[in-house]
Amino acid sequence: MRFGIIVNPRHRRSDRAESVLVDELNALGARYRTITTSVSWPGGRQARELLDWGADNLIVLGGDGTLRAVAPEVAGTGVPVLIVPTGSANVLARHLRLNHRGGTMVEVPVNEAEYVTADGRRAREAFVSMAGIGGDAEAVAGQRHVSGIPGYVWGALRALLSPGADMAITPRPSTLPADAGMTVTGRLWSVMAAKVSHPAGPVAVFPRAEATGQLFEFLAVRLDEADAAGAAAGKQSAVGQRLAMWARIAGDGIAGAPERNRSLDYWSGTGPRVVVDGSAPAHLDGDLIGKCRELSVRAGDKRLLLIVPDF
């Protein structure tokens, strides 16, 4: 049996994990080949090379971004992939550990996003667990200034007071009842599509999300509702209104009932189209793709065979 190993050297934990893994494979007398990623080649090319070499299994030492690069190359081949979560957030690996027994194999759809950038360029990319446009992408942008978890925290603190944007969300044509008639418009902080329940921290932001399913769980965070609540409260500053909104959202999330918050719109479906009046930052699996005018997501047809990590 041949093992192909893809290592993202950006993370210090990758080096330590690779050393332990190589010792174990040598002790077993297994054949393996290791390839590292780079900014120019984040994982897709490496996955193709290892498949051409004849790898029976792939082991990815990295985070959600590395897996996003690898996934479209391996999906549909039947070659199982083990995630060794050495990245910053490791959202998908954490979700799988919470919902499945470690060591089991699950099939995860590789999804597709289409977007129009602020300068009018159209593009299409694969992703696995999450996509978003607006404030949550502002939080991701913190990685540009500070790496690792501190970068997400710094970005999130800045994003809490993001002014938001006027957005219109319409469903794709579909025969599925879950897609029928779901339309959201207004001034929104963010629109998110998720296949994972816990994108950050212990609170289940997407309580019905499941990585192995076809449907996304969507969340639109309304700012017009927050402004209305602040106005009703009387003389409250814009910053005070926003912080009060987040306090109410946090309280409902901790109580296990985020759906009851009137600033949050939840629904399930195979994928809508989000159009922004102007542009807003967007991300795929935690990788910032820049400011976009439009973002559409679609549940994927090809499936990736993943081994659920138990460490």
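For the structure, check the block above.
Keep in mind that what you see is a predicted model, and the values were worked out from it rather than measured. (Residues numbered from 1 in each chain as written. Predicted model: local features only at pLDDT ≥ 70, side-chain atom pairs only at ≥ 80, totals over all residues. Heavy atoms only, no water.)

Trainee: When you look at the pairing of strand S11 (residues 216–222) in this model, what are you seeing that I'm missing?
Mentor: Remark: a regular strand shows side chains that alternate across the two faces of the sheet. When you tally the buried positions in S11, you get seven out of seven residues, the bulk of the element. Residues Phe216, Phe218, Ala220 and Arg222 of S11 are buried on one face, and the alternating residues Glu217, Leu219 and Val221, pointing to the opposite face, are buried as well. (Buried < 20%, exposed > 50% of the residue type's maximum accessible area, 1.4 Å probe, protein only. Helix = DSSP H or I, 4+ residues; strand = E, 2+ residues; numbered from the N terminus.)

Trainee: I tried to follow the side chain of Thr117 on my own but got confused; where do I start?
Mentor: Relative to the elements of secondary structure, Thr117 occurs in strand S6 (residues 111–117). Here the side chain of Thr117 touches Asp119 through a polar contact of 2.3 Å, side chain to side chain. In this structure, Thr117 is in contact with Lys291, Cys292 and Arg293, ignoring residues within four places of it in sequence. (Polar contact = N/O pair within 3.5 Å; in protein donor to acceptor, adjacent residues only side chain to side chain. Contact = heavy atoms within 4.5 Å.)

Trainee: Teacher, can you tell me more about the pairing of strand S13 (residues 272–284) here?
Mentor: With three bridges joining them, strand S8 (residues 130–134) and S13 adopt antiparallel strand pairing. Within S13, the residue paired with Ile133 across the bridge is Ala282. Relative to strand S14 (residues 287–298), S13 runs antiparallel, the two sharing eight bridges. Residue Ala282 lies in a different strand from S14, and its bridge partner there is Gly290. Between the end of S13 and the start of S14, which pair antiparallel, lie two residues, with Asp285 showing a positive phi angle near 50°. (Pairing = 2+ DSSP bridges.)

Trainee: Even after reading the chapter, I still don't get the sheet that holds strand S1 (residues 2–7), so can you show me in this structure?
Mentor: Strand-to-strand pairing in sheets goes through backbone hydrogen bonds, with the strands running parallel or antiparallel. With respect to topology, six strands assemble into an open sheet ordered S2-S1-S3-S4-S15-S5, the strand pairing being mixed. The open sheet has two edge strands with one neighbour each: strand S2 (31–36) and strand S5 (105–109). Shown here is a sheet whose adjacent strand axes are inclined to one another by a mean of 30°, direction ignored. Strand direction decides the pairing type here: S1 and strand S3 (residues 57–62), joined by five bridges, are parallel. Pairing of Ile5 across the sheet is with Ile59, part of S3. Contacts from helix H2 (residues 44–53) reach S1, S2 and S3 within the one sheet, and its direction differs from that of S2 by about 160°. The strands touched by helix H4 (residues 91–99) within the sheet are strand S4 (81–85), S5 and strand S15 (303–307), with S4 carrying the most contacts at an inclination of about 105°. (Axes fitted to C-alpha atoms, helices over the stretch in contact; angles between N-to-C directions.)

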